[in-house]
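What the coordinates show
Here are the chains, one letter per residue:
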Amino acid sequence: MNTTPSTVRVSLGDRSYPILIGEGLLDQPRLLVPHLIQKRVAIVTNTTIAPIYLEQFTRGLEAEAIQTLAITLPDGEAFKTWETLNIVFDRLLEARCERNTTLIALGGGVIGDICGFAAATYQRGMPFIQVPTTLLAQVDSSVGGKTAINHPLGKNMIGAFYQPKLVLADTSSLDTLPDRELSAGIAEVIKYGLIRDLAFLQWLEDNMSRLLARDRGALAYAILRSCEHKAEVVAADERESGERALLNLGHTFGHAIESGLGYGEWLHGEAVAAGTVLAAELSARMGMLTESDVGRVRRIFESARLPIRAPKLGVARYLELMGHDKKVDAGRLRLVLLRALGSAFLTAQFPEDTLAEVLSDCTFDG
Ligand code: NAD
Ligand code: GLY
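What you see is a predicted model, and the numbers here were worked out from it, not measured in a lab.

This next bit is on the packing of aromatic side chains. Evaluated as defined, the whole model comprises 5 aromatic pairs. Note on Phe 200 and Tyr 221: the rings are 6.1 Å apart at their centroids and 75 degrees apart in plane angle, and the pair reads as edge-to-face. Here Phe 200, found in helix H6 (residues 198-212), pairs with Tyr 221, found in helix H7 (residues 216-236); they are 21 residues apart in sequence, far enough to count as distant. By relative accessible area, which is 2% here, Phe 200 ends up buried. In this structure an aromatic cluster arises from ring pairing among Phe 200, Trp 203 and Tyr 221. Cation over ring: Lys 191 sits above Tyr 192, and NZ or CZ is 5.2 Å from the ring centre. Note that Arg 332 overlies the ring of Phe 350, its terminal NZ or CZ placed 5.4 Å from the centroid.

Set out below in structure tokens:
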């Protein structure tokens with residue numbers, strides 16, 4: 001079914017762009033046409049998404065007389081590397097793609113982050129469009145222009161801020177998303193409630209079973225509300241000098257889990273869920289949250305079928321991994337904590353021994 005998409009605008013002066021959210025958008029290539037400089041695009045996708053969506057998407061674009069090149073990458077967080085990035089550059093150069101050719105990311109956050117970084121750097125910058133196909137990418141990673149690849153020493157350590165020209169979120173593409181990936185996306189949706197919108201948190205608590213059952217109305221509302229939050233934060237603080245850092249609730253712990261266990265072992269959203277429980281525990285031990293608040297944090301992630309028990313990596317290892325974080329400032333670790341549910345803040349002022357206790361007491365074997 002094709003419906004009129006909802007639109008959220010990311011306001012960044014002459015780099016502003018719309019996020020279009022709706023069903024059947026992959027079948028409406030005319031939505032992209034006004035955003036193309038040349039009638040030529042290169043579509044970056046992966047080996048899982050290509051067999052499901054690439055032909056349909058490409059056929060539609062070609063029907064609009066748009067020349068297409070497909071670049072299909074291996075699938076997985078473990079491939080978010082320089083080597084994979086170079087595959088994109090090789091193909092763009094071999095096909096003589098130009099600075100005004102548009103790069104399109106068709107996939108989840110991994111494809112979006114790699115493709116965005118390629119677009120930021122190929123011939124010093126080419127236009128790009130995000131076509132996110134996971135819930136996580138539709139509610140978070142496709143919006144806001146953070147692009148990156150991983151380094152063995154730290155996640156998303158090499159990248160650029162580079163905004164897309166358009167985000168096209170086809171909610172029908174979530175029909176083929178595995179349940180585990182749907183839950184991982186819900187982790188980032190819960191995040192908006194925890195950091196800045198208590199009413200939305202309550203709505204998520206009341207509607208979690210609808211989201212897990214892929215109720216279209218519930219998903220559409222969750223995506224729209226999340227994009228509204230993301231667009232507002234990005235417009236206020238594009239390069240993360242303040243408020244945008246709050247979108248990293250649970251991520252410093254989560255990134256340590258992801259790289260500590262090996263990229264791809266836990267999904268990003270799963271690591272964020274368990275990491276957020278650690279951030280809530282620390283907030284409680286610092287006297288800001290009650291035990292009942294922490295229980296509520298645990299329960300909402302649990303109800304989304306997400307892990308709430310962070311793995312035991314050892315306190316020293318956690319601290320080492322968490323030290324490779326982009327929020328580290330003048331050598332000092334900074335964490336996003338909760339002063340209440342629905343209200344987050346960034347701080348370097350936390351007792352180091354309390355953090356060590358949380359990393360020891362609230363992490364688990366197996
Ligand atoms: P992902 O890109 O690995 O996609 C998850 C899996 O689902 C993959 O196997 C993928 O091939 C498959 N898939 C994608 N769409 C599908 C569909 N419609 N049907 C069936 N299978 C589909 O993971 P993700 O959760 O989308 O993104 C995680 C990545 O996003 C991490 O690398 C994380 O660091 C990054 N991220 C970036 C930002 C940002 O602001 N740039 C924000 C949050 C997360
Ligand atoms: N996902 C965090 C951010 O975009 O800032």
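Here the narrative resumes, following the displayed structure.
Looking now at the nonpolar core. Taken as a class, soluble globular proteins show a tendency for nonpolar side chains to be buried jointly. The biggest cluster of nonpolar side chains holds 77 residues, and the ones touching the most others in it are Leu 135, Ile 190, Leu 211, Phe 301, Met 322, Leu 335 and Leu 355. Looking at this core, the element that brings in the most residues is helix H9 (residues 268-285), giving 9 residues. When near neighbours in sequence (up to four residues on either side) are disregarded, Leu 335 contacts Thr 252, Phe 253, Leu 282, Met 322, Phe 345, Leu 346, Thr 347, Phe 350 and Leu 355.

Here we come to the site of ligand 2. Every residue close to ligand 2 is listed here: Asp 140, Lys 146, Lys 230, Glu 240, Arg 244 and Leu 247. Within the side chain of Asp 140, a nitrogen or oxygen atom sits 3.0 Å from a nitrogen atom of ligand 2. Within the side chain of Lys 230, one N or O atom sits 2.6 Å away from an oxygen atom of ligand 2. Within the complex, 89% of the 200 Å² of free accessible area of ligand 2 lies under protein. Its residues assigned to classes, the shell around ligand 2 comprises 1 nonpolar, no polar and 5 charged.

Let's shift gears to the packing of H9 against helix H10 (residues 291-303). Remark: H9 packs on H10, axes separated minimally by 9 Å, with the N-to-C direction vectors making an angle of 175 degrees. As the angle between them shows, H9 and H10 are arranged roughly antiparallel. Between H9 and H10, the residues in contact are Ala 273, Thr 276, Val 277, Ala 280, Glu 281 and Ala 284 and Glu 291, Val 294, Val 297, Arg 298 and Phe 301, respectively.

This brings us to empty space enclosed by the protein. Gaps between atoms show up when a probe of the same size as a water molecule is rolled over them. Using the criterion set out here, one finds 1 cavity of 30 Å³ or more in the structure. One number sums up the size of the largest cavity: a volume of about 70 Å³. If you go around the largest cavity, you meet 13 residues; those closest to its centre are Lys 155, His 255, Ala 256, Leu 321 and His 324. Within the residue set of the lining of the largest cavity, elements represented by two or more residues are strand S8 (154-161), helix H8 (251-261) and helix H11 (315-322). By residue number, the principal contributor to the lining of the largest cavity is H8, which donates 4 residues.

The subject of this paragraph is the pattern of salt bridges. Applying the stated rule across the entire model yields 27 salt bridges. Across the salt bridge formed by Glu 188 and Lys 191, the nearest N and O atoms sit 2.9 Å from each other. Of this pair, Glu 188 and Lys 191 both sit in helix H5 (residues 179-196), 3 residues apart, which is roughly one turn of that helix. The buried category is assigned to Glu 188, whose relative accessible area is 1%. Here Lys 191 falls in the buried class, since its relative accessible area comes to 3%.

For the second largest pocket, the calculated volume is near 200 Å³. Every residue lining the second largest pocket is counted, 15 residues in all, and those nearest its centre are Gly 22, Glu 23, Thr 171, Arg 216 and Ala 220. When contributions to the lining of the second largest pocket are tallied by element, the ones reaching two or more residues are strand S2 (17-22) and H7. Examining the composition of the lining of the second largest pocket, we find that 4 residues originate from one element, H7, more than from any other. Within the lining of the second largest pocket, the residues separate by chemical class into 6 nonpolar, 5 polar and 4 charged.

With that settled, consider the site of ligand 1. Taken together, 28 residues form the shell around ligand 1, and within it Asp 75, Glu 77, Thr 133, Thr 134 and Thr 176 come nearest. Between ligand 1 and Val 110 there is a distance of 3.0 Å, counted from an oxygen atom to a backbone nitrogen or oxygen. A distance of 3.2 Å is found between an oxygen atom of ligand 1 and a side-chain nitrogen or oxygen belonging to Asn 156. Burial of ligand 1 by the surrounding chains reaches 91%, relative to a free accessible area of 870 Å².

What counts, and where the lines are drawn
Residues numbered from 1 in each chain as written. Chains lettered and ligands numbered in written order. Predicted model: local features only at pLDDT ≥ 70, side-chain atom pairs only at ≥ 80, totals over all residues. Heavy atoms only, no water. Phe/Tyr/Trp six-rings, centres within 6.5 Å; stacked < 30°, edge-to-face > 60°. Helix = DSSP H or I, 4+ residues; strand = E, 2+ residues; numbered from the N terminus. Buried < 20%, exposed > 50% of the residue type's maximum accessible area, 1.4 Å probe, protein only. Lys NZ or Arg CZ within 6 Å of the ring centre and 35° of its normal. Core = buried A, V, L, I, M, F, W, Y, C linked by side-chain atoms within 4.5 Å. Contact = heavy atoms within 4.5 Å. Near = heavy atom within 4 Å. Polar contact = N/O pair within 3.5 Å; in protein donor to acceptor, adjacent residues only side chain to side chain. Areas by Shrake-Rupley, 256 points an atom, 1.4 Å probe, with all protein chains shown as cover. Nonpolar A, V, L, I, M, F, W, Y, C, P; charged D, E, K, R; others polar. Axes fitted to C-alpha atoms, helices over the stretch in contact; angles between N-to-C directions. Parallel < 35°, antiparallel > 145°, perpendicular 65-115°, else oblique. 1 Å grid on protein atoms, 1.4 Å probe; cavity = no way out; pocket = protein on both sides within 12 Å on 5 of 7 lines; lining within 4 Å. Points joined across faces, edges and corners; volume = space filled by probe spheres on them. Salt bridge = Lys/Arg side-chain N within 4 Å of Asp/Glu carboxyl O.

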